[in-house]
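An overview of the molecular structure
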Amino acid sequence: MGGGHAGSEAAYISSKMGGKTLLITMNLQNIAQMSCNPAMGGVAKGQIIREIDALGGRSGVVSDLSAVQFKMLNRSKGPAMWSPRAQSDRMLFSAIWRKELEKQTKLDFCQAMVNDLLFENNKISGVVTSIGTKFYSKTVILTNGTFLNGLIHIGEKNYGGGRTGEQASFGITKSLNRMGFSSGRMKTGTPPRVDGRSLDFNSMEIQPGDIKPEKFSFSDETKPLKKQLDCYLTHTNKIAHDILKSGFDRSPMFNGSIKSIGPRYCPSIEDKINRFADKERHQIFVEPEGWCSIEYYINGFSTSLPEDIQEKAIKKIKGFKNAKIIRPGYAVEYDYFPPTQLKKSMETKIIPGLFFAGQINGTTGYEEAAAQGLMAGINANLFVNSREPFVLTRSDAYIGVLIDDLITKGTEEPYRMFTSRAEFRTLLRQDNADLRLSETAYSLGIIEPKRIQKLISKKESIHKLISFYNKTSIAPKEVNSILEAKGSAKLKQPQKIFKLYSRPNICFQDLLKVSKISAFIVSERPEEEAISQAEIQIKYSGYIDKEIKNVEKINRLENLKIPDGFDFMSMKSLSSEAKEKLVQISPTTLAQASRISGVSPSDISSILVKIGR
């Protein structure tokens, strides 16, 4: 229910796995709509898109086919921090997603508003539309986005809506509350869109895409971009800030109209100038909405201030003197359900067969929503077929970190993924998502044999490269001139290529000048992906080995199961807070219990003793 990023991934993967699926959404013209920024990926989010692709989802392919620019962020840092990001053609993105869904023969569509849920014997049994039509189903996945009792704010004005121009959804929250679910309110916002013909791009700093762009999908279905659109960078200033401040008394952020919490890591412009009063300027990224669109997205200027204040302030920004606002910025408040009410499979604890995915769980961002939709779609299919749920751990994927954080810690503000949230990020790189996840996806029936054959070939190629580097030595005379040119210490005796390769300032292109290495490459003809993967594995082998050992330690706790119905309340050695949190979350393993806020190491020791370990 809901045709956003979570709903699209859920419907796609469910039907692809053979499940008879119905996608119900209020407007079929807005499937996979990019409600906010026209981009996919970014820091940690790019890793998620690569993981979705590796697991058979479609967001990576759609992003590649609709991209207008591609960048690999954080190249100056280690590969664990590299994050792919694509600027998208907003309308093309939605159109391609619609086509991808329509290709699925097991998938049906219905344009309707659902305002009630059907239950039978405390299980989900279907949904009811606003005109009383009933659809019966063994599972229901709610992917409502910002539409549940949505309320849009622009200055002192507010009206019901899930996003501008679209009505809110009513009834679902009340239906779930009746069944015992707790709910809350969250807030998000979006900046104004501006007519690009009214902007002076010559006075802004050009932000081009990568000279040699990559892509998201590991499949052969897409190709890297051959031409790209530029983005631009400018800044706010003190004059613009003063104008914005003049509207604070009419701002729903400050006059009490908005009582819910917004995203900490994507604050509105009024929140930024209020919280960071010492800063005289803030970055503004000017991003194209598509190949043929005049609209530009003003990234960094999210606001719910009155429209006249938005217009006056934006015209004081460099390059915006004659700016014409096409759509004003606004904030939207909506209902969400604390995700501690979910199992690891995204199924609710209270109602069997009912799954939540996306902003209904308190997350923010297309990528986080799509990942949840994918996992909910897979597990709804497995549920119907009485198979064990598919669960990713924190050491398997960023998606595993995302879901574990939500169900174990919950969230009281819109949750956004960062690389810092993943303790095993050296293993969970964007470049190896297929190596980590695709074979599992194949076993679930959601990756085609030809993709697995390609993966096996890639693995063999990586192994051959690393084996060659491990076994082959280079004499000083073969490499010293190269080392000297790179400012690296010369060899005094022969050394294995592997050891030489691990020097931070020596890369593949340098060693390719050595005849025996170039001869091997010519004979084996490995793909660029395999060469890059082998280089990363060699250069960071020490860090990777250390992290693998840490994962093994954690997995020992993950393998210690807490019995169903375990009585935490009877344990006198546990603190009152620990008892409360443990009963609320109902962790299934000792590792999950150890991650719950308020549960101490001594509490874990007590539980270990209690279960006889």
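Here, the structure is the one placed above.
Residues numbered from 1 in each chain as written. Predicted model: local features only at pLDDT ≥ 70, side-chain atom pairs only at ≥ 80, totals over all residues. Heavy atoms only, no water.

1. Quick word on the pattern of salt bridges
Across all of its chains, the model carries 41 salt bridges by this definition. Across the salt bridge formed by aspartate 116 and arginine 178, the nearest N and O atoms sit 3.5 Å from each other. Here aspartate 116, found in strand 6 (residues 114-120), pairs with arginine 178, found in helix 5 (residues 172-178); they are 62 residues apart in sequence, far enough to count as distant. Across the salt bridge formed by arginine 595 and glutamate 558, the nearest N and O atoms sit 3.1 Å from each other. Taken together, the residues span a long stretch of sequence, with arginine 595 in the loop between helix 20 (590-594) and helix 21 (601-610) and glutamate 558 in helix 18 (residues 541-558) at a distance of 37 residues. Here arginine 595 falls in the buried class, since its relative accessible area comes to 17%. (Salt bridge = Lys/Arg side-chain N within 4 Å of Asp/Glu carboxyl O. Helix = DSSP H or I, 4+ residues; strand = E, 2+ residues; numbered from the N terminus. Buried < 20%, exposed > 50% of the residue type's maximum accessible area, 1.4 Å probe, protein only.)

2. Some remarks on the sheet that holds strand 3 (residues 67-73)
Strands sit in the order 2-4-3 across an open sheet of 3 strands; the sheet is antiparallel. One side of each edge strand has no neighbouring strand; the edge strands of this open sheet are strand 2 (39-41) and strand 3. Neighbour to neighbour, the strand axes of the sheet diverge by 15° on average, direction disregarded. With 3 bridges connecting them, strand 2 and strand 4 (residues 83-88) associate as antiparallel partners. Paired with glycine 41 across the bridge in strand 4 is arginine 85. (Pairing = 2+ DSSP bridges. Axes fitted to C-alpha atoms, helices over the stretch in contact; angles between N-to-C directions.)

3. What to know about the pairing of strand 19 (residues 330-336)
In terms of burial, strand 19 is a largely internal element, 7 of the 7 residues being buried. Here strand 19 shows no split at all, with Tyr330, Val332, Tyr334 and Tyr336 on one side and Ala331, Glu333 and Asp335 on the other all buried. As paired strands, strand 12 (residues 184-190) and strand 19 are joined by 7 bridges and run antiparallel to one another. By the bridge assignment, methionine 186 is partnered in strand 19 with tyrosine 334.

4. As for the sheet that holds strand 11 (residues 157-160)
Reading across from one edge, 11-10-19-12 is the order of the 4 strands in this open sheet, with antiparallel pairing throughout. Bordering the open sheet on either side are strand 11 and strand 12, each of which pairs with just one other strand. For this sheet the average axis-to-axis angle between neighbouring strands, irrespective of direction, equals 25°. In the sheet, strand 10 (residues 151-154) pairs with strand 11 via 4 bridges, with the strands oriented antiparallel. Across the sheet, residue histidine 153 finds its bridge partner in strand 11, namely asparagine 158.

5. Observations concerning the nonpolar core
By size, the foremost hydrophobic cluster in this structure holds 111 residues, and its most contacted members are Leu142 and Ile399. If we ignore the near neighbours within four places in the chain, the residues touching leucine 142 are Met1, Leu117, Ile172, Leu176, Leu354, Phe355, Phe356, Ala357 and Ile360. (Core = buried A, V, L, I, M, F, W, Y, C linked by side-chain atoms within 4.5 Å. Contact = heavy atoms within 4.5 Å.)

6. A closer look at the packing of helix 2 (residues 45-54) against helix 9 (residues 366-384)
Where helix 2 contacts helix 9, the axes come no closer than 9 Å and their chain directions differ by 30°. Judged by the inter-axis angle, helix 2 sits roughly parallel to helix 9. The handedness of the crossing between helix 2 and helix 9 is left-handed. Contact with helix 2, carried on its side by Lys45, Ile48, Ile49 and Ile52, involves Glu367, Glu368, Ala370, Ala371 and Leu374 of helix 9 and no other residues of that element. Partitioning the contact of helix 2 with helix 9 into residue classes produces 6 nonpolar, no polar and 3 charged. (Parallel < 35°, antiparallel > 145°, perpendicular 65-115°, else oblique. Left-handed = near helix turned anticlockwise from the far one by under 90°. Nonpolar A, V, L, I, M, F, W, Y, C, P; charged D, E, K, R; others polar.)

7. Considering unusual backbone geometry
One non-glycine residue, alanine 32, lies in positive phi territory at about 50°. With respect to the element layout, alanine 32 can be found in the loop between strand 1 (21-25) and strand 2. Accessibility expressed as a relative area gives 0% for alanine 32, which makes it buried. Located in the positive-phi region is serine 586, a residue other than glycine, with phi close to 50°. With respect to the helices, strands and loops of the structure, serine 586 is situated in the loop between helix 19 (576-585) and helix 20.

8. Remarks on the packing of aromatic side chains
One pass over the full model with this rule turns up 14 aromatic pairs. Consider the rings of phenylalanine 181 and phenylalanine 337, whose centres lie 6.4 Å apart with planes at 90°: the pair is edge-to-face. Taken as a pair, phenylalanine 181 in the loop between helix 5 and strand 12 and phenylalanine 337 in the loop between strand 19 and strand 20 (354-356) lie far apart in primary sequence, 156 residues in all. Each member of the pair, phenylalanine 181 together with phenylalanine 337, is buried. Ring pairs connect the aromatic residues Phe468, Tyr469, Tyr501 and Phe520, which therefore count as one cluster. Taking the ring centre of tryptophan 291 as reference, the NZ or CZ of lysine 227 above it sits at 5.4 Å. The ring of tyrosine 415 has arginine 421 sitting right over it, with the charged end atom 4.2 Å from the ring centre. (Phe/Tyr/Trp six-rings, centres within 6.5 Å; stacked < 30°, edge-to-face > 60°. Lys NZ or Arg CZ within 6 Å of the ring centre and 35° of its normal.)

9. Quick look at the packing of helix 1 (residues 5-16) against helix 4 (residues 90-102)
Here helix 1 crosses helix 4 at 25°, and the two axes come no closer than 10 Å. Taken together, helix 1 and helix 4 sit at an angle that is classed as roughly parallel. Of the two possible hands of crossing, helix 1 and helix 4 adopt the one that is left-handed. Contact with helix 1, carried on its side by His5, Ser8, Glu9, Ala11 and Tyr12, involves Phe93, Trp97, Glu100 and Leu101 of helix 4 and no other residues of that element. Here the contact of helix 1 with helix 4 is composed, by residue class, of 5 nonpolar, 2 polar and 2 charged.

10. A word on the environment of cysteine 266
Looking at the element boundaries, cysteine 266 is found in the loop between helix 6 (238-246) and helix 7 (269-275). Of the residues examined, cysteine 266 reaches a relative accessible area of 44% and is grouped as partly exposed. Between the C-alpha atoms of cysteine 266 and glycine 56, which are 210 residues apart in sequence, the distance is 30 Å.

11. So, helix 8 (residues 307-314)
Side chains three or four residues apart in an α-helix point the same way, a direct result of the helix having 3.6 residues per turn. Along helix 8, the positions that sit buried rather than exposed are Ile309, Gln310, Ala313 and Ile314. Down the axis of helix 8, the smallest arc covering the buried residues is 120°, so these residues share one side. (Arc of directions from axis to C-beta.)

12. A closer look at helix 11 (residues 433-443)
Taken as a whole, helix 11 has its buried residues at Ala433, Asp434, Leu435, Arg436, Leu437, Ser438 and Ala441. Buried-residue contacts for helix 11 involve helix 2, helix 12 (449-471) and helix 17 (528-539). Looking one or two places after helix 11, you find glycine 445, whose phi comes out positive at around 85°.

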